[in-house]
Every structure is written in structure tokens, then in C-alpha cells.
Amino acid sequence: MEQSHDSLVQKIQQLKKQRNAVIIAHNYQRDEVQAIADMTGDSLELSRKAAATDCDVIVFCGVHFMAESASILSPGRIVLLTAADAMCPMAEMIGAGVERPLYGTFPGYKDPPKYIYPVNYTLRDIKRDYPGTPVVSYVNTTAEVKAESDICCTSANVVEVIESLPEGRVICVPDRNLSAWAAKNTKKEVISWDGYCHVHDRVRPVDVENARAAHPNAVFMAHPECRLNILEMADSVASTSGMLRFAAAAGAKEFIVGTEIGLLYRLRKENPDKQFYPLRKDMVCPNMKRTTLQSVYNSLNEMQHVVKVSEEIRETAWKALKRMLSL
Ligand code: 13P
Ligand code: SF4
């Protein structure tokens, strides 16, 4: 049965205490979900912060790979994903080896063929084709893919991670746009997987031109999951946490926000004297929006949906994450 907003919030707070839980919400979550969360942030930041608490239960308002990261960092705790079917389509675009990816080639994408791989090509296949080439996996990957990787990266540190490796060539998965951005900023050769985030990949130069025309004094911030031609038009290229820092520190008063619109909640809340405009109003991740107050309540009430990475996968995935964190 649907419950009123206030009574749901109250019940969530009661259950949270009872379960000794922390509620963590990604920056792309609905406003009302971010409002009740104990912490908001990017996925890795949240998993790290939750691991540092003394909670028994981590309620992750995000998508599946994020809950997996929390499970990798907090193996002794119960990790709940608030919406069972919230997955990241980009993370699902690459399979580790045994299983098959959901996607292979991408109709409508006309960029260099070196990015196109046949259906059923997996990370193990690409490793076999480029022996001795280290794999850098974006945190937006499954635990299995992380476990097949040498090191992880975030959208903020991809270049630093690539530069830290002794090899002159790297394999970057799964985001072709993040790879293109990294390739532009390093002298190393970057072999990319052909994955993409449909929320960011849909942006076209005309969207930037329209937004700039509507807000001529605004600074344009773009997330590196956007295509390279968009990033080249930006005043700042940053992860969601990077955008929050940039907007707070900048002297500018107006900003065009080139990422999922959920970030506007914190940008506006933390900078009440500044104006923020979405680059496109349809930059909405449906999977992030699957979490609602009702699903947070159900999650705590029923202790569902538990995400637990097997010890075998966790050990190797943790190595790749730890190597990045040690930089
Ligand atoms: P960050 O919050 O790490 O910038 O990630 C963006 C994203 O797409 C998460 O799904
Ligand atoms: Fe995945 Fe993009 Fe949604 Fe992030 S915004 S969860 S990368 S589909």
C-alpha cells in the first residue's frame, strides 16, 4: 500500500536505527532519496565511507555494480540494493569471460571501427588478443570484470591510473568515451571497449550550442562519459564529485551541467547563490530512478535485495581496487 511521504520517512528512520543501517545514495538519485540519505556521493566514495562506519547494514540507493563495490569493501556487512532490477546498462556491456555480454556492437555509433567488437567478445578474449597489456576497468563494471582487471579507475583518475602503469599500452573498459578522453590526455596507446552510458552518449554539439545561447554567462561542465567532441567544448571536464568541487570553488554564478540531472539537487543545495541548468532535461538514468522512498522502506523492512560478492571474486576484484586506491 502507498504511504504518505512523511510517514514513510519516519518509518525509514525507525527501521534504520533498528537495523543499525546506513543509507547511502548516489548523486543521481531522486531528490527525496538523497534528502533522507546519511551520505551522498559518487559510487566509490560512498562504498569507502560506508566501510568506515560501524554499521551492520549498508542500504545502497544506486545500481547493482555500486552495491557490489560496497560488498567488496565491506565483506562482513549486509549490503542491500534498494531496487533489485537497478543495473547499469554500460556495466552490463562487457562480460568477464564465462558469461556473454548483453551487447556487442552498437547500431548508430559511427566512430572508428577499432572500437567495434563482435557480439560474444569478452574481456578474456581481448586479454588474449593483446597479451601482456594491462586492463584498466572503470568502477562502472561488474565485480567479475574487476576481478579480471589489473587495476580500477574512476572517471576522475583514469589518466593518473594509466600513467601509473609501466606498460606503454593499456586496455580500457567498458566506456569508449572515457577511453577517448584518457587517450587524448596520455601518450600511451589506449585500446577501448565499445561500451557507453546512454545518458551521456546522447549529447550532441547542438545541445551545447543551445544551452550556451540560452545561458551566455554560464560555465559548461561535462562528465567524461560524454563523447570527446562534447568534452572538447567544455570549460571543465569532471566526475560528479569533481563538478561539486568545481562549482563551489568557481567565481562563476551560472553553470550548464553536462551530466545526469540528479546532480542538480546537491549543486543547488550546496550553492544557493548560484544557478544550475541541465544541459539536456532528458539526461535521466532510469535505473538510478528505480529507487524510491517506498523501495528504501521495503528494502529495510524486508532486508532485501542482498548483494554479496563471492569470496573468490571479491579477493581478486579487491586487488584491482586496492591498486588504484594505493596511488
Ligand atoms: P561518478 O559519480 O563517479 O562521476 O559516476 C557517474 C556515473 O555514471 C555513475 O553511474
Ligand atoms: Fe550507468 Fe550511465 Fe546510469 Fe551511470 S548514468 S548508472 S553509467 S547508465
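Below: a short report on this structure. (Residues numbered from 1 in each chain as written. Chains lettered and ligands numbered in written order. Predicted model: local features only at pLDDT ≥ 70, side-chain atom pairs only at ≥ 80, totals over all residues. Heavy atoms only, no water.)

Moving on: unusual backbone geometry. That bond from Val173 to Pro174 is cis: its omega, -5°, falls within 30 degrees of zero. Here Pro174 shows up in the loop between β7 (169-173) and α8 (176-185). A cis amide bond, omega -10°, links Gln304 with the succeeding residue His305. The residue His305 is located in the loop between α14 (293-302) and α15 (311-325) in this model. At Asn20, a residue that is not glycine, the phi angle is positive and equals roughly 50°. Secondary-structure assignment places Asn20 in the loop between α1 (5-19) and β1 (21-26). Residue Asn20 is classed as partly exposed on the basis of its relative accessible area, which comes to 32%. Of note, Met303 is a non-glycine position whose phi angle comes to about 50°, a positive value. (Helix = DSSP H or I, 4+ residues; strand = E, 2+ residues; numbered from the N terminus. Buried < 20%, exposed > 50% of the residue type's maximum accessible area, 1.4 Å probe, protein only.)

Within the structure, ligand 2 sits among Tyr28, Val63, Cys88, Pro89, Met90, Asn140, Cys197, His198, Glu225, Cys285 and Met288. Split into classes, the residues belonging to the shell around ligand 2 amount to 8 nonpolar, 2 polar and 1 charged. (Near = heavy atom within 4 Å. Nonpolar A, V, L, I, M, F, W, Y, C, P; charged D, E, K, R; others polar.)

Strand order in this open sheet of 4 strands is β2-β1-β3-β4, and the pairing throughout is parallel. Strands at the two margins of the open sheet, each flanked by one partner only, are β2 (39-41) and β4 (78-81). Sheet twist, expressed as the average angle between the axes of neighbouring strands with direction ignored, equals 25°. Relative to β4, strand β3 (residues 57-61) is paired through 4 bridges, and the arrangement is parallel. Along β4, the bridge assignment pairs Phe60 with Leu81. Where helix α4 (residues 64-73) meets the sheet, its contacts fall on β1, β3 and β4, and the angle it forms with β4 comes to roughly 175°. (Pairing = 2+ DSSP bridges. Axes fitted to C-alpha atoms, helices over the stretch in contact; angles between N-to-C directions. Contact = heavy atoms within 4.5 Å.)

Among the residues of helix α3 (residues 43-51), Ser43, Leu44, Leu46, Ser47 and Ala50 are the ones counted as buried. Here the buried residues of α3 occupy an arc of 160° about the axis, which is enough to place them on one side. On its buried face, α3 sits against β1, β2, β3, α4 and α15. (Arc of directions from axis to C-beta.)

A separate point is the sheet that holds strand β12 (residues 275-278). Here we have 4 strands laid out as an open sheet, ordered β10-β9-β11-β12, and parallel in their pairing. Taken across any chain shown, the strands that pair with only one partner, and hence form the sheet edges, are β10 (236-237) and β12. For strand β9 (residues 219-222) and strand β11 (residues 254-258), the ladder comprises 4 bridges, and the chain directions are parallel. Considered in β11, the bridge of Ala222 is made with Gly258.

To continue, consider the pattern of salt bridges. What the rule picks out here adds up to 18 salt bridges. Notably, a salt bridge pairs Arg290 with Asp85, separated by 3.6 Å at the nearest N-O pair. With Arg290 in the loop between β12 and α14 and Asp85 in the loop between β4 and α5 (123-129), the pair connects residues that are 205 residues apart, well separated along the chain. Judged by its relative accessible area of 37%, Arg290 is partly exposed. Under the relative-accessibility criterion, Asp85 is labelled partly exposed at 47%. The partner of Asp235 in a salt bridge is Arg212, with the nearest N and O atoms 3.3 Å apart. Of this pair, Asp235 sits in the loop between α11 (228-231) and β10 while Arg212 sits in helix α10 (residues 205-214), and the two are 23 residues apart along the sequence. Classification of Arg212 by relative accessible area gives partly exposed; the value is 28%. Shared partners join several salt bridges into a network, and the residues in it are Arg176, Asp194, Asp201 and Arg227. (Salt bridge = Lys/Arg side-chain N within 4 Å of Asp/Glu carboxyl O.)

Geometric values such as these leave the question of function open.
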